[in-house]
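Here is what each chain is made of, one letter per residue.
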Amino acid sequence: GKALYPEPRIMPDGSKYMAYRYQGVFSRKMDLAKFPFDAQDLLVYFEDQDQDSRFLEFVPDATPIAISPTVTIPGYEIGTPRLTVEQHRYPTNFGDLSSPGETEYSRIVLELPVTRDVLPYLVKIMLPIMIVILITSLIYVLPGRFEEARTGIGVTAMLTMVALQWSTDSDLPSVEYLTMLDLVYILSMLYILVAMGYAVFASRRSRKDAAEAHLTKLDRRVGVISLVVYAVLITTTMVSYL
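Please read these numbers as outputs of a predicted model, since none were measured by experiment.

Enquirer: Just checking my understanding: could you explain the pattern of salt bridges for this structure?
Expert: Side chains that carry opposite charge are capable of pairing whenever their charged atoms lie near each other. Per the counting criterion, the structure on display carries six salt bridges. The residue E111 makes a salt bridge to R82 at a minimum N-O spacing of 2.7 Å. One end of the pair, E111, is in strand β8 (residues 103-116); the other, R82, is in strand β7 (residues 82-90), and 29 residues separate them in sequence. The class for E111 is partly exposed, based on a relative accessible area of 21%. We note a salt bridge from R107 to E86, for which the minimum N-O separation is 3.8 Å. Taken together, the residues R107 in strand β8 and E86 in strand β7 connect sequence positions 21 residues apart. Judged by its relative accessible area of 34%, E86 is partly exposed.

This is the structure in structure tokens:
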């Protein structure tokens, strides 16, 4: 920290006042499990590097923290900041023989909750996914004898879904777990795969069976059931994460 004054200033009540300015980049890996509906807590910790809680203890002011109205984070809504003081215990005395076996340091915790603005992601991510799913459902509308058109719709929808997922992942840091959006993509790909499998089944059956009216009725039934199951799974996934 950079001291704002060369010496502490004497306040009207006799106390000494000194201010320090800290400026830097504070990084923390975000939890993206609920992306794009995730909310983050930006945390900053302050401890004295030398004096433990036996010699130094931080005490928050009456109004310890506030956010400047000019501070904004693009794509996020800033919540109410919080400042707390806690005792952080280290299971070592860092080799100091005059200290007890475990050392406690007074710690300042700054917490800034931010919530992602969901609407742009719904328009840019979820809306294209739903459009691809609706286009895929046209497989159940076309007659079974149009197997080339049905297969073309399925292949195009699958490639589009893969491209959408690749585009989204390229904007996110690499994580070791599946996010909610990953599960949405997986369920969408499974829906497309089921539709393509049914298209193959229907085309083979249409060659053997001339009852096209029966196949048309089966197409509608399978199409409605698969779309309802997909919607239920997507809704359940989102609710479970939120």
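Enquirer: Looking at this model, I keep getting lost on the environment of E86. Mind explaining?
Expert: When the C-alpha positions of E86 and Y105 are compared, they lie 8.4 Å apart, and in sequence the two are 19 residues distant. For E86, the residues in contact, after removing those within four places along its chain, are Y105, S106, R107 and V109.

Enquirer: Help me out: how do you make sense of the side chain of R150 in this one?
Expert: Tracing the backbone shows R150 in helix α2 (residues 147-170). At 2.7 Å, the side chain of R150 and the backbone oxygen of I139 are in polar contact.

Enquirer: Looking at this structure, how should I read helix α1 (residues 118-136)?
Expert: For an α-helix, 3.6 residues make a turn, and residues three or four places apart therefore share a direction. Spanning 19 residues, α1 covers 26 Å between terminal C-alpha atoms, matching the ideal 27 Å at 1.5 Å per step. The sharpest bend along α1 measures roughly 35° and falls at M126, with the proline P128 sitting one to four residues further on. Among the residues of α1, those classed as buried are Y121, I125, M126, I129, V132, I133 and T136.

Enquirer: Explanation requested: a nonpolar patch on the surface in the structure shown.
Expert: Taken together, the side chains of L119, L122, V123, L127, I131, I135, L138 and V141 define a hydrophobic patch exposed on the protein surface, amounting to about 680 Å² of accessible area. Mapped onto the elements of the fold, V141 is located in the loop between α1 and α2. By relative accessible area, V141 is classed as partly exposed at 47%.

Enquirer: How should I be thinking about α2 in this particular structure?
Expert: In this model α2 runs 35 Å from its N-terminal to its C-terminal C-alpha over 24 residues, within 8% of the 34 Å that 1.5 Å per residue would give. Of all the residues in α2, the buried ones are R150, I153, G154, A157, M158, M161, Q165 and T168.

Enquirer: Which parts of the structure should I look at to understand the packing of aromatic side chains?
Expert: What characterises a pair of aromatic rings is the spacing of the ring centres plus the angle enclosed by the ring planes. In this structure the tally under the stated criterion is six aromatic pairs. Both rings, one in Y140 and one in Y198, keep their centres 5.5 Å apart while their planes meet at 35°; by these two values the pair is tilted. With a gap of 58 residues between them, Y140 in the loop between α1 and α2 and Y198 in helix α3 (residues 180-208) connect regions that are remote in the sequence. Positioned over the ring face of Y45 is R107, at 4.6 Å from the centre of the ring. K124 extends its terminal NZ or CZ atom over the ring of Y121, reaching a point 5.6 Å from the ring centre.

Enquirer: What am I meant to see in the environment of V123 here?
Expert: Here V123 is to be found in helix α1. In sequence terms V123 and V44 are 79 residues apart; their C-alpha atoms lie 33 Å from each other.

Enquirer: Looking at this model, I keep getting lost on the nonpolar core. Mind explaining?
Expert: One recurring pattern in soluble globular proteins is that nonpolar side chains are buried together. Counting residues in each nonpolar core, the largest one holds 30 residues, and the members touching the most others are I125, I129, M161, L181 and I192. When residues of this core are traced back to their parent elements, those giving at least two are α1, α2, α3 and α4 (212-241). Looking at which element gives the most residues to this core, the answer is α3, with twelve residues. In contact with M161, not counting residues within four places along its chain, are I129, V132, I133, Y185, S188, M189 and I192.

Thresholds, definitions, all that
- Residues numbered from 1 in each chain as written.
- Predicted model: local features only at pLDDT ≥ 70, side-chain atom pairs only at ≥ 80, totals over all residues.
- Heavy atoms only, no water.
- Salt bridge = Lys/Arg side-chain N within 4 Å of Asp/Glu carboxyl O.
- Helix = DSSP H or I, 4+ residues; strand = E, 2+ residues; numbered from the N terminus.
- Buried < 20%, exposed > 50% of the residue type's maximum accessible area, 1.4 Å probe, protein only.
- Contact = heavy atoms within 4.5 Å.
- Polar contact = N/O pair within 3.5 Å; in protein donor to acceptor, adjacent residues only side chain to side chain.
- Expected span 1.5 Å × (residues − 1).
- Bend = angle between axes of the 7 residues up to and from the residue.
- Patch = residues over 30% accessible without salt bridge, like charges linked within 9 Å, V, L, I, M, F, W, Y side chains within 5 Å.
- Areas by Shrake-Rupley, 256 points an atom, 1.4 Å probe, with all protein chains shown as cover.
- Phe/Tyr/Trp six-rings, centres within 6.5 Å; stacked < 30°, edge-to-face > 60°.
- Lys NZ or Arg CZ within 6 Å of the ring centre and 35° of its normal.
- Core = buried A, V, L, I, M, F, W, Y, C linked by side-chain atoms within 4.5 Å.

All we've got here are geometric facts, nothing functional implied.
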